[in-house]
Amino acid sequence: MTHVAEVYTESTIIIGQLISMPHAQKKLTSNSSSITEFLLLAFADTRQLQLLHFWLFLGIYLAALLGNGLIITAVACDHRLHTPMYFFLLNLSLLDLGSISTTVPKSMANSLWDSRAISYSGCTAQVFFFTFLFVAEYCVLTIMAYDRYVAICQPLHYGTLLGSRACVHMAAAAWGSGFLNAVLHTANTFSLPLCQGNAVDQFFCEIPQILKLSCSRSYLTEVGLLVLSACLAFGCFVFILFSYVQIFRVVLRIPSDQGRHKAFSTCLPHLAVVSLFISTATFAYLKPPSISSPVLDLVVAVLYSVVPPAVNPLLYSMRNQELKDALRKMMNGLASSWVLRTLSLKIQEGLTALSPLEQSKQILS
């Protein structure tokens, strides 16, 4: 009888657990659906440091807008820059503007208004656009490495391999790859039940931080997608590395110093941008958990999401004489237009102040 009672008790417990499982799953789902906002990681607790963060980010943001805006305008307006290299540089500047505009303005607003909140839809939009622009930028940097490889290693085939149609197709493939990755990752991440609260340990919404809030083993699907994306990114990195090994082998064989200098002036800015982009992003996502901390994660996130869009225009314009000449010509044209407009207004004001007879004499003279 005792054995029968024990079996009956165990069966009752198992049946109770099976009955409660749908309710538990429903509770997890309701917890996820009940989240209406997330709390982002604050840069500082004191009001003075919050305002310092606001002004610092405002300066960086304005510098990124000015630098990338000038490059976009110069490439679009100067026919001498209508080449594949500058076409891809224009795409890179557009992506940089979008990337920094996705994360920085919200962080600035939170610091200014002493808040940490971001709406659920706002967080979803940040994840989507940041992933979209991040992946597309990496693809564009890979294409730019191919452009430099063909220009230096196979100059006779440059017009064939990088014609206008081929450039448009490659740029469209880069933007399309970013969009596809963003749709897959965003949809999969926000379909997970979230039961670990709503505090995101980052100053913007990113996928690894959202996954930490998940309480379901289904997050392994998203981890699998991230691993697949990492493998594709590693393939792009190997391609970039191979391209520059071949480029340096050819450049070092150029007999004249002027030829080597011209080749390096077109390659080194891109190499610096790629190195900054890959090194900071790799450290951010592959650093050992033992050295991870909220402060370090915050600093590294700033390095790979905020600094490159602001620094890239400077890196590309420092050693690129064609771009500097185009920017100088554009600025001189704007200054001349402003001077002529000011003089015209002054003359009109002077004529208005004269009597009709005096105006006729002034015009005739």
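All values derive from a computational prediction rather than experimental measurement. (Residues numbered from 1 in each chain as written. Predicted model: local features only at pLDDT ≥ 70, side-chain atom pairs only at ≥ 80, totals over all residues. Heavy atoms only, no water.)

Time to look at the pattern of salt bridges. For the coordinates displayed, the defined rule picks out two salt bridges. Notably, a salt bridge pairs Arg 80 with Asp 78, separated by 3.0 Å at the nearest N-O pair. The partner of Arg 148 in a salt bridge is Asp 147, with the nearest N and O atoms 2.9 Å apart. For the pair Arg 148 and Asp 147, a shared accessibility class is recorded, and that class is buried. (Salt bridge = Lys/Arg side-chain N within 4 Å of Asp/Glu carboxyl O. Buried < 20%, exposed > 50% of the residue type's maximum accessible area, 1.4 Å probe, protein only.)

Glancing now at empty space enclosed by the protein. The full count for this structure, using the stated rule, is two cavities of 30 Å³ or more. A volume near 60 Å³ is recorded for the largest cavity. Around the largest cavity, the lining residues are Asp 96, Ser 99, Phe 130, Phe 134, Glu 137, Phe 277, Tyr 304, Ser 305, Pro 308 and Pro 309. For the lining of the largest cavity, the secondary-structure elements that each account for two or more residues are α3 (84-112), α4 (120-153), α10 (294-305) and α11 (307-318). Tallying contributions element by element places α4 first for the lining of the largest cavity, with three residues. In terms of residue class, the lining of the largest cavity is made up of six nonpolar, two polar and two charged. There is about 30 Å³ of room inside the second largest cavity. Lining the second largest cavity we find Met 85, Met 144, Arg 148, Thr 266, His 270 and Tyr 316. At the level of elements, α4 and α9 (257-286) are the ones that each hand at least two residues to the lining of the second largest cavity. (1 Å grid on protein atoms, 1.4 Å probe; cavity = no way out; pocket = protein on both sides within 12 Å on 5 of 7 lines; lining within 4 Å. Points joined across faces, edges and corners; volume = space filled by probe spheres on them. Helix = DSSP H or I, 4+ residues; strand = E, 2+ residues; numbered from the N terminus. Nonpolar A, V, L, I, M, F, W, Y, C, P; charged D, E, K, R; others polar.)

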